[in-house]
Amino acid sequence: MTSFREFAETCQAIEKISSTIETTNKVADLLKKVDVEELPLATHFIMSEVFPAWSGEQLGIGTSLLYVSLSKASGMAIQSIESLIRTTGDIGDTALLILKEKRKNQVTFSSFLEEQPELSITEVFQRFKTASEASGKGSQEVKVRNLQFLFTSSTPREAKYISRLALEELRIGVGEGVVRDAIAKAFSVPVDVVEHALMVTNDLGIVAATAKQGGIEALKTLGIEINRPIKMMLSQISPDINADIRDMKEAAIEWKFDGARVQIHKSGNSVTLFSRKLENVTNSLPDLVEIVRKHVKAESAILDGEAVAVDEDGRPKAFQEILKRFRRKYDVEEKMLGIPIQLNLFDIMYLNGRTLIDLPLVERRKELESCVESSVEDSKSICVDEQVITGDLEIVEKIYREALRAGHEGVMVKNPNSLYSPGKRGKNWLKKKPLMETLDLVVVGAEWGFGRRANLIGSYSVACYDPETSRFMQVGKVGTGLTDEQLKELTEMLSGLMEGGEAGGVFAIRPKVVLEIAFEEIQKSSNYNSGFALRFPRFIRIRDDKDPEEADTIQRIGRVYSQQMKRL
Ligand code: AMP
């Protein structure tokens, strides 16, 4: 068993260094030391995860629960903890201070502690797991008791990282890239083999343990598995789509549907559906499950597609309609089922035990067509997205116009020879759609409304993402464009994410919720830490299919700003 102390020491060391190479070395040293059984846990922990992202397991520990547990473990009043957080600005530093103080005052207690066995990584995980699984009556007590146990059995330094881990934010800047390189280094395996193993397993914990146990050979045997969702391949906007098509010589053109991405796992009669964020949405979409059961003729398969809400004539409805269906987690109301869904399939990653991501698109396409059976009458509920392979720009333009006329978003332009690259955004999938400049931004703060909206959150501070520092940089405040219903919905979503205290009706929000924002112009501004400000920002929609790290980046804002200056 590896002690949690070793893990906390690594975090502390990393916090003091800024070079990525040194950070990677520290992570590699840790991975080498950890037992193979605990390696998946340590690998996730160091990336601020308790459970692998694909598992759908949610830790569900909010700040208030953490304050109660810290208060019980230390004897300090919750108000004092909150005011300490306002000065330190961080839960980890606060936990460290509180527990140091407590130990100083309790010499006898600390001598007792010295005799206590050290906390292991497994034990920390198990306490988190028990807390996360508690539900229903009495669940709060169970959660608090388990966290309190961790705080009373840990040293102040361990408590610092336990409390940050409880909020899944270690603040040490270690992401997937660093851990991938660290695995390669620790177990002397090539980075590209680790990268491929990550793409098929979507779990660096499994990759690390496999690399340690069986090296390169074992890594190469890893494949895709049903019900372990892989990341979605992503697309990008091209600044010059015609040049890109010319480069490809021939491109595969498909309609771009405006709905919700869905990854479908089928094994026999069992069908599981995952959203773009890899949440299990099967229970919300029983009609989609039926469609797949009826029309997908494969013993086992993993398919990629877009679910679109349609009206009686099969025309697509607004994107919000389908998201309403995805959000219904438990009681799928009758009226929700009244919104018919059409499933448009465009890719296949796995078929009857074979991983297909390393085949070119044209080959995958043949496999996809071979296992979907639907007649013309069925096309309202399922279809394989039509694909035209062409190098003729006029034909591309014609398909694009047809797609828009049929009520879709535009077209996708894909490289026919490209492999399926989970989680990658690149030139192999490009999108062509009418230009309406919007940004996907993350809510990092909020303010109560007033008057009629006094008990609703009325305005939101929004931020872009800086992938280089993993920080969110504020670009403006949004308070217009929202209906009362949307305000209510957002108030509910955000109230569990408040951080620290409230000052004059204003408070910080943990960066979790992404909004699509329209605006008139980007200006340079010293009011916000991004150095930019949006002029006339306007709410368009909630992007709950996106993770905060997928928000628009500070680099994109810089680019839009420069393009705008050129146009002036
Ligand atoms: P965007 O959300 O604007 O980045 O556009 C990419 C999204 O378009 C994908 O994630 C899919 O949800 C959606 N989409 C619709 N039709 C297709 C298609 N034929 N191929 C790939 N993605 C598609």
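Anything mentioned here points back to the structure above.
In this report, the structure presented in the accompanying data block is examined. (Residues numbered from 1 in each chain as written. Predicted model: local features only at pLDDT ≥ 70, side-chain atom pairs only at ≥ 80, totals over all residues. Heavy atoms only, no water.)

Helix and strand counts for the protein chain come out as 21 helices and 20 strands. Taken against the 2.2 N^0.38 rule, which gives 24 Å for 568 residues, the C-alpha radius of gyration of the protein chain at 25 Å falls within 12% of a compact globule. Counting only C-alpha atoms and orienting by the principal axes, one finds that the protein chain spans roughly 80 × 65 × 50 Å. In the protein chain, which comprises 568 residues, the proportion classed as buried is 52%. Long-range contacts, defined as pairs at least 24 residues apart, comprise 72% of the intrachain contacts of the protein chain with a sequence gap of at least 6. Computing the positive centroid from 76 side-chain charges and the negative centroid from 84, the protein chain places the two 3 Å apart. (Helix = DSSP H or I, 4+ residues; strand = E, 2+ residues; numbered from the N terminus. Rg over C-alpha atoms; globule rule 2.2 N^0.38 Å. Buried < 20%, exposed > 50% of the residue type's maximum accessible area, 1.4 Å probe, protein only. Contact = heavy atoms within 4.5 Å. Lys, Arg positive; Asp, Glu negative; His and termini not counted. Charge placed at Lys NZ, Arg CZ, Asp CG, Glu CD.)

For the rest of this paragraph, the subject is the side chain of T122. Turning to its location among the elements, T122 is positioned in helix α8 (residues 121-133). Judged by its relative accessible area of 17%, T122 is buried. Ignoring sequence-local partners within four residues, the contact set of T122 consists of M1, E38 and L41.

Glancing now at the packing of α8 against helix α9 (residues 139-153). As a packed pair, α8 and α9 sit with axes 8 Å apart at the nearest point and diverge in direction by 165 degrees. With respect to each other, α8 and α9 are oriented roughly antiparallel. Regarding α8 and α9, the two cross each other, and that crossing is left-handed. Of the residues in α9, those touching α8 at E123, V124, R127, F128, T130, A131 and S132 are V142, K143, N146, L147, F149 and L150. For the contact of α8 with α9, the class distribution of residues is seven nonpolar, three polar and three charged. (Axes fitted to C-alpha atoms, helices over the stretch in contact; angles between N-to-C directions. Parallel < 35°, antiparallel > 145°, perpendicular 65-115°, else oblique. Left-handed = near helix turned anticlockwise from the far one by under 90°. Nonpolar A, V, L, I, M, F, W, Y, C, P; charged D, E, K, R; others polar.)

The next thing to look at is the pattern of salt bridges. Using the criterion set out here, one finds 39 salt bridges in the structure. For the salt bridge of E409 with K433, the shortest nitrogen-to-oxygen distance reads 3.3 Å. One end of the pair, E409, is in the loop between α19 (393-405) and β10 (410-414); the other, K433, is in the loop between β11 (425-432) and β12 (438-448), with 24 residues separating them in the sequence. For E409, a relative accessible area of 15% gives the class buried. A residue is classified by how much of its surface remains accessible, and K433, at 32% relative accessible area, is partly exposed. Through salt bridges with shared partners, a single network forms among E15, D90, D93, K160, R164 and R171. (Salt bridge = Lys/Arg side-chain N within 4 Å of Asp/Glu carboxyl O.)

Contacts to the ligand come from 15 residues, most closely from R261, E306, D385, K414 and K431. D385 is positioned with one of its side-chain polar atoms (N or O) 2.7 Å from a nitrogen atom of the ligand. Residue K414 places a side-chain N or O atom 2.9 Å away from a nitrogen atom belonging to the ligand. Protein burial of the ligand: of its 490 Å² of free accessible surface, 93% is covered by the chains. (Near = heavy atom within 4 Å. Polar contact = N/O pair within 3.5 Å; in protein donor to acceptor, adjacent residues only side chain to side chain. Areas by Shrake-Rupley, 256 points an atom, 1.4 Å probe, with all protein chains shown as cover.)

This paragraph deals with the nonpolar core. Ranked by internal contacts, the top residues of the largest apolar core, which has 82 residues, are F4, I46, F128 and I183. Split by domain, this core shows at least three residues from each of two domains, domain 1 (49-166) and domain 2 (238-432). The residues contacting I183, other than those within four sequence positions of it, are L31, S188, V189, V194, L204, V207, A208 and A211. (Core = buried A, V, L, I, M, F, W, Y, C linked by side-chain atoms within 4.5 Å. Domains from an automatic or database assignment.)

In this section: the sheet that holds strand β9 (residues 387-390). Taken together, the five strands give an open sheet; going across it, the order is β1-β11-β10-β2-β9, and neighbouring strands pair in mixed fashion. Either end of the sheet is taken by a strand with one partner, and the two such strands are β1 (234-237) and β9. The average angle at which neighbouring strand axes cross in this sheet is 40 degrees, direction not considered. Judged from the four bridges that link them, strand β2 (residues 251-256) and β9 form a sheet pairing that is antiparallel. Looking across to β9, one finds that A252 is bridged to I389. (Pairing = 2+ DSSP bridges.)

The next point concerns the packing of aromatic side chains. Across all of its chains, the model carries ten aromatic pairs by this definition. Arranged with centres 5.9 Å apart and planes meeting at 80 degrees, the rings of F346 and W429 form a pair that is edge-to-face. Taken together, the positions of F346 in strand β6 (residues 341-351) and W429 in strand β11 put the pair 83 residues apart, joining distant regions of the chain. Accessibility assignment for this pair places F346 and W429 in one class, buried. Cluster of aromatic residues (ring-pair linked, three or more members): F4, F7 and F45. Seen from the ring of F149, R127 lies directly overhead, with NZ or CZ sitting 3.7 Å from the centre. Geometry around Y400 places K432 over its ring, the cationic atom sitting 4.4 Å from the centre. (Phe/Tyr/Trp six-rings, centres within 6.5 Å; stacked < 30°, edge-to-face > 60°. Lys NZ or Arg CZ within 6 Å of the ring centre and 35° of its normal.)

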